[in-house]
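# Remarks on the overall topology
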Amino acid sequence: MAISGEQVPFIMAAGASALALASLLWALRVSDGARGAAKRFRDRSSQLETEVQEHKAVLSAHPGAILVWDADSFSGDLEGLGTPRLMGSEAAFAAMLRYTDDAISPDPAMAILEGLADLEARDVSGRDTTLRIALRALMEEGTQFSLTISGRNREFLEADGRTAGANVIVWITDSTVRHMATSKRITRWEETRRIIASDPHAFVDMLDRAPFPAWRMSGVGRLLWANPAYLEAVEAGTLERALERQLTLDAQSADQTKRTIEKGAEIDETRTIAINGERRAMRVLTFPLNGGAGAMALDVSAQEDAREELARLEKAHAETLNHVADGVAIFGSDRRLNFYNRAFAEMWDLDEAFLLDSPTHGQLLDRLREQRKLPARTDYAAWRADELSYYLDIDGVEEDIWSLPNKSTLSVTRQRHPMGGLLLLFKDITTELDLQTRFNAMIKTQTSTLDSLHEACAVFGSDGRMRLWNHAFAQLWKLDADGLKNNPDYSEIVKSCLPLFHDTNTWDEIRGHITDPSAKARQATTGEMKRSDGSILTYLTHPLPDGNTLIAMVDVSATRRVESALRERAEAFEAADRLKTEFVQNVSYQLRSPLTTILGYAEFLQSQRHGDLTDRQADYVSAILQASDHLSKLIENILDLAMIEAGRLDLDLADVSLGQLVDDSVEMVVTKAEDTQVSVRAELGEDLGLIRADEHRLRQVLFNLVSNALRFTEPGGEVVVAAQRVGEMATITVTDTGKGMAPEKRATSFDSFTSGDQRGAGLGLALVHRFIDLHGGNVGIKENPAGGTIVTCWLPVVAVPEGAKPVLELAEAGI
C-alpha cells in the first residue's frame, strides 16, 4: 500500500513517540537494578566489616605482638624492611616495651623491632641467628622461620615469620615460663650467661684492664659501653662523654658494626687509624652480641710492619733471582709453581700463560716431555714419581745431571724451601763441561811442554802443595817421580832437597813467596843456590794469575865458568886498551917537542933569510913543512881523543852562526879541492840562525868530514856541505860522489884508528863522533844512491853538556 505525502509527518511523529516510550521503560528498569546492587554492596560491606572486627578481636586476644608488612611498606626504616602495622594484646605491647630502651624510632612497632632484631636467637635446627637476619631472608626469599629469642634478663620470646599473599607477618610471643619448663638442656649461650651472671664484675674488670680498645654497640648502632683504652684512643676522658658524643675510633667502625649486626657474623678488618696523634695499623674485630654487637681493636702495627718488610724482602728476593743467570723455580706445599725467574722461562721456552696459571710440578714435567725437552727416560712414569717424591723425603740438597735432547747439559739442584714446598735450581753447565774438557787437555799439553824443557819447573798452590812439575825438576834434585804425583807439600820437598842445599833461610824465603798473599810477597824474585855438589843454580819465583806460584831453576855451572873466562879476558882487553891510551898520550907528548923544532927550522929555511934556495931545496923544504903540519894535526887529534876518553875535554860553548860556520869551512878547503879537481859547495837552508855550540870543535868536525870526502872522491867529483834547521834540532850533512864505503866498514867507521885506506890514521871520523856526542847529538853514515857516502850530524840547537848551563842569546837575534 502506498503512503501519501500527507501521512509521512504522522508516521514520523508516531515513531518518535514509540521510541520515547521505549526509552522511558528501559530507564525505569535500569534504575531499579542499580538500587538493588547498591543494597547488596551495603550488605556485603557490613558483613565484611563485621568479619574484620571479629578478626581484630581475635588478633587482639593473641598473647603477643603481631607485625604485618603489606606490599607498600617494604622500604624505609630498619635498613629497608619498612614500618609494619602492630597488632596483638595491649598487655603484650606493654611487656615488649622493655626491649625499646636502645631504640631510636618513635613508632612503637619499629621501636619493638629495633629492640628485638639483634638479640641472640636460635632457629628450630639449633643454628644461632638473629631476628634481623631471619626477617630479611623472609622478605627477600620468602623463607619462613621460627626462632627462640633470648632476652637480657633470661626471658625467652618465640618469633614466627610467614607470608600471606603479598603480606609478611611475624608473631612474637613471650614464652619464658613455657620455655624454661620444657627445656631439658642448657645451651652454649645460656651457660655463658650463667657464668657471667655469677660474677659479672670480673668480666667487666678484665675488659677495663685490657690494653686494647673494647666497646659495645646497640642494634641500632649506638655506643653503649667502652673500656678505658677505648676512651684514651678517642680522647673522650670519661665514658659519659663518649656516650654523649657517640665517639668512634674512625668513620668505618660504625659501618663495620652495622654489617656485623646485619649478617650476624664476625667481621675482622685491618686498617690504619689515627690514635693519640700517630697512625697505627689496627685490627678491628666486631662480633654479634645479644642486643647488638661487641668490638675490639688490636694494635698490629709491628705485625703489619713485619708483613710489609717480609713483602719487600720477598720482592727483593724475587728481583735478585730474576737477575740470576741460573733458572730458579719454587713450588709450594701444594706442588704448584709459585715463582720462576726470567732465566727459567728462557731456558725452557714455555708459554707465559701456562706458567702464570701456576701449573703443578707434574703438569710442568708432562708439558716439557710433550715438547721433547726432558732427558730420555726408559720408564718416564717411574722417573716422574721419583721427581715428585722429593716433596716427601728430601733431606739437605739433592743434585742431578740432565742431558737434554738439544745437546745441552743441566745441573739440577733440589732442596726444601723454607716456606714449604720445593726449590729447584737449573744451571746450564754445557759451557762449563766444555771448558773443563779443554782445561784437562790444556793441562796435559802444559805438562808435556814442561817435560820438554831443560829448566826445572814446579808450580805450587797458595796452600803450599805442588800442582805441576816436570821431569827436569825431579832429576835436578834427585826426587822420586812417583812421590811427586801425590801433590806433596812444600816442606816435604824441601826436606828431600836439604842434602844438596842446606840453606834453610833461602827455602823459607821461597815459601813466603808461595803462601803469603800480600802484594809485597807476590812479586817475581830471583836468587842463586850453590849446592854441596859444587853446582850453581839460579832460581826464579813468579806469581801466576790464578794465585799459584811458578818456581823455575836452571844449572848455570857451565855458564858461570864461561862468564868467568870472558870476564878475565875483558879485564885483559881493558888493561891493554888503557896501556895503549897511555902509550899514545906519552908518545904524542914526546913527539911535539922535536916536531916543533923541525917545523921551526923548515919555516926558517923557507924564509931564505940567509940565502936563496934552489928549486929542489925549496921542494924539500915544502915537503918537510907539509909533513910536519900533517904530523902536528895527527898529534893534536890523538891528544884530543885521549882527553875525550879520559873525560877531561870541556866544550867552550858560545852562540855560533851555523851558516857562517859552514861557509868558512868550505872556503878553507876550496884551495885543496881545486888542487884535487873536486867541486866543493855549500847548501844552506832558510832561517838557520844561531846555535849554542863549541865553534872550534864544530870547525874540526867539518874539516875532518870534508877532508875525508875529498880523499875518497875522484877528480871531477863533487862534495856538498848542507845545513838545515828543523825545530829544536840542526843538521849538517856532507855528501860526496866518491867510491863509497862497504857496509861492513861503515859499521866500524867511527871507531878509533880505523881507516878506509892506508893514507890515514883513522882518527877523523872517530873525533867527529866524539865531538858530536859531547854536544848531545848523533852521527849517521849511509850510502849515496848516486854513488859515494852521506854523513849526517844531528845537533841540538842548545847544546847542554854535563855541568853546563843552557844559556842562548837567540832572543837578541830575533829568533
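On to the overall build of the protein, then. Scanning the protein from N- to C-terminus turns up 28 helices and 29 strands. Excluding contacts between residues fewer than 6 apart, the proportion of contacts in the protein whose partners are at least 24 apart in sequence is 50%. Summing over all exposed atoms, the protein offers an accessible surface of approximately 47,900 Å²; the carbon and sulfur share of this is 54%.

Our focus in this paragraph is the pairing of strand S7 (residues 167-174). One face of the sheet, then the other: side chains in a regular strand alternate in exactly this way. When strand S1 (residues 64-69) meets S7, the two strands line up antiparallel, connected through 6 bridges. Paired with Trp69 across the two strands is Val168, which belongs to S7. As judged from the 8 bridges shared by strand S6 (residues 156-164) and S7, these two strands associate in the antiparallel manner. Residue Asp160 lies in a different strand from S7, and its bridge partner there is Trp171. The antiparallel hairpin formed by S6 and S7 contains 2 residues in its connecting segment, where Gly165 sits at a positive phi of about 65 degrees.

What follows is about the sheet that holds strand S5 (residues 145-150). Read from one edge of the open sheet, 7 strands run S2-S1-S7-S6-S5-S3-S4, paired in antiparallel fashion. Each having just a single partner strand, strand S2 (85-88) and strand S4 (128-129) make up the two edges of the open sheet. Contacting S1, S4, S5, S6 and S7, helix H5 (residues 131-141) crosses the sheet at an angle of about 165 degrees to S5.

This part covers the packing of aromatic side chains. Scanning all chains against the criterion turns up 11 aromatic pairs. For the ring pair Tyr380 and Trp383, a centre distance of 6.1 Å and an interplane angle of 35 degrees mean the geometry is tilted. Of this pair, Tyr380 and Trp383 both sit in helix H16 (residues 380-388), 3 residues apart, roughly one helical turn. An identical accessibility class is assigned to Tyr380 and Trp383; each is buried.

Take the nonpolar core next. When a protein is soluble and globular, its nonpolar side chains tend to lie buried together. Ranked by size, the top nonpolar core spans 37 residues in total, and within it Ile691, Leu705, Ile772 and Cys793 carry the most contacts. When contributions to this core are tallied by element, the ones reaching two or more residues are helix H25 (658-676), strand S25 (690-693), helix H26 (695-712), strand S26 (718-726), strand S27 (729-736), helix H28 (764-774), strand S28 (778-783) and strand S29 (789-796). At 7 residues, H26 tops the list of elements feeding residues into this core.

The next point concerns the pattern of salt bridges. Counted under the stated rule, the structure contains 29 salt bridges. Beyond isolated ion pairs, a larger network of salt bridges with shared partners links Asp250, Asp255, Arg259, Glu269 and Arg271.

With that out of the way, let us pick up a negative patch on the surface. Taken together, the side chains of Asp393, Asp395, Glu398 and Glu399 make up a negatively charged region of the molecular surface. By the secondary structure assignment, Glu399 is in strand S15 (residues 397-403). Take Glu399: its relative accessible area is 60%, and that puts it in the exposed class.

Attention now goes to the sheet that holds strand S9 (residues 223-226). Pairing in this open sheet of 5 strands is antiparallel, and the strands run S9-S8-S12-S11-S10 from one edge to the other. Either end of the sheet is taken by a strand with one partner, and the two such strands are S9 and strand S10 (267-275). Strand-to-strand, the axes of this sheet are offset by a mean angle of 25 degrees, without reference to chain direction. Bridging between strand S11 (residues 278-289) and strand S12 (residues 292-299) involves 8 bridges; their strand directions are antiparallel. Opposite Pro288, over in S12, you have Ala293 as the bridge partner.

Attention shifts here to the environment of Asn548. Note on placement: Asn548 falls in the loop between strand S21 (536-543) and strand S22 (549-555). Sequence separation between Asn548 and Arg465 is 83 residues, and the spatial gap between their C-alpha atoms is 9.7 Å. Not counting the four nearest positions on each side in its chain, Asn548 is found in contact with Val459, Phe460, Gly461, Ser462, Arg467, Arg522, His542 and Pro543. Here Asp546 takes part through its side chain, which lies 3.0 Å from a polar atom of the side chain of Asn548.

With that out of the way, let us pick up the confidence of the model for the protein. Of the residues in the protein, 80% have a pLDDT of 70 or more, and the chain-wide mean is 79. The model gives residues 1-14 a pLDDT under 50, and that stretch makes 3 contacts with residues more than four places away or in other chains. In this model residues 177-186 is a low-confidence stretch, pLDDT under 50, and it forms 10 contacts with partners more than four residues away in sequence or in other chains.

Let us look at the side chain of Asn341. By the element assignment, Asn341 lies in the loop between strand S14 (337-340) and helix H13 (342-348). Of note is the side chain of Asn341, whose polar atom sits 2.9 Å from the backbone oxygen of Leu321. Of note is the side chain of Asn341, whose polar atom sits 2.9 Å from the backbone oxygen of Asp326.

So, on to unusual backbone geometry. One non-glycine residue with positive phi stands out, namely Ser358, at about 55 degrees. As for its placement among the helices and strands, Ser358 is situated in the loop between helix H14 (352-356) and helix H15 (361-370). Non-glycine residue Lys478 carries a positive phi angle of around 55 degrees. Secondary-structure assignment places Lys478 in the loop between helix H19 (471-476) and helix H20 (481-484). The exposed category is assigned to Lys478, whose relative accessible area is 62%.

A separate point is H5. Side chains three or four residues apart in an α-helix point the same way, a direct result of the helix having 3.6 residues per turn. Among the residues of H5, Leu131, Arg132, Ala134, Leu135, Leu138 and Met139 are the ones counted as buried. In a view along the axis of H5, the buried residues occupy a sector of 170 degrees, so they form one face of it. Facing away from the buried side of H5, by more than 90 degrees, are the exposed residues Glu140 and Glu141.

Taken together, the 5 bridges between strand S8 (residues 214-218) and S12 define a ladder with antiparallel strand orientation. Each bridged residue has a counterpart across the sheet, and for Trp215 the counterpart in S12 is Ala295. If you look at the hairpin formed by S11 and S12, you'll find 2 residues sitting between the two strands, and Gly291 has a positive phi there, around 90 degrees.

Okay, helix H4 (residues 108-116) next. Summarising burial for H4: 8 of the 9 residues are buried, a large majority. Every buried residue of H4 is listed here: Ala109, Met110, Ala111, Ile112, Leu113, Glu114, Gly115 and Leu116. Measuring from the backbone nitrogen of Met110 back to the side-chain oxygen at the start of H4 gives 3.1 Å, which picks out Asp107 as the cap.

Our focus in this paragraph is the environment of Ala654. Looking at the element boundaries, Ala654 is found in strand S23 (residues 654-657). The contacts of Ala654, once residues within four sequence positions are left out, are Ile691, Arg692 and Ala693.

What follows covers the packing of H26 against H28. Relative orientation of the contacting elements H26 and H28 amounts to 145 degrees, with a least axis distance of 9 Å. Helix-helix and strand crossings are classified by hand; for H26 and H28 the assignment is left-handed. Counted together, Arg697, Leu698, Gln700, Val701, Asn704, Leu705 and Asn708 of H26 and Gly764, Leu765, Leu767, Val768, Phe771 and Ile772 of H28 form the full contact between these two elements. The class makeup of the residues in the contact of H26 with H28 is 8 nonpolar, 4 polar and 1 charged.

This next bit is on the side chain of Arg122. Relative to the helices and strands, Arg122 resides in strand S3 (residues 121-123). Take Arg122: its relative accessible area is 12%, and that puts it in the buried class. Polar contacts involving the side chain of Arg122 include one to the side chain of Asp128, which spans 3.3 Å.

Here is what the cut-offs are and how they apply
Residues numbered from 1 in each chain as written. Predicted model: local features only at pLDDT ≥ 70, side-chain atom pairs only at ≥ 80, totals over all residues. Heavy atoms only, no water. Helix = DSSP H or I, 4+ residues; strand = E, 2+ residues; numbered from the N terminus. Contact = heavy atoms within 4.5 Å. Areas by Shrake-Rupley, 256 points an atom, 1.4 Å probe, with all protein chains shown as cover. Pairing = 2+ DSSP bridges. Axes fitted to C-alpha atoms, helices over the stretch in contact; angles between N-to-C directions. Phe/Tyr/Trp six-rings, centres within 6.5 Å; stacked < 30°, edge-to-face > 60°. Buried < 20%, exposed > 50% of the residue type's maximum accessible area, 1.4 Å probe, protein only. Core = buried A, V, L, I, M, F, W, Y, C linked by side-chain atoms within 4.5 Å. Salt bridge = Lys/Arg side-chain N within 4 Å of Asp/Glu carboxyl O. Patch = residues over 30% accessible without salt bridge, like charges linked within 9 Å, V, L, I, M, F, W, Y side chains within 5 Å. Lys, Arg positive; Asp, Glu negative; His and termini not counted. Charge placed at Lys NZ, Arg CZ, Asp CG, Glu CD. Polar contact = N/O pair within 3.5 Å; in protein donor to acceptor, adjacent residues only side chain to side chain. pLDDT = per-residue confidence, 0-100. Arc of directions from axis to C-beta. Left-handed = near helix turned anticlockwise from the far one by under 90°. Nonpolar A, V, L, I, M, F, W, Y, C, P; charged D, E, K, R; others polar.

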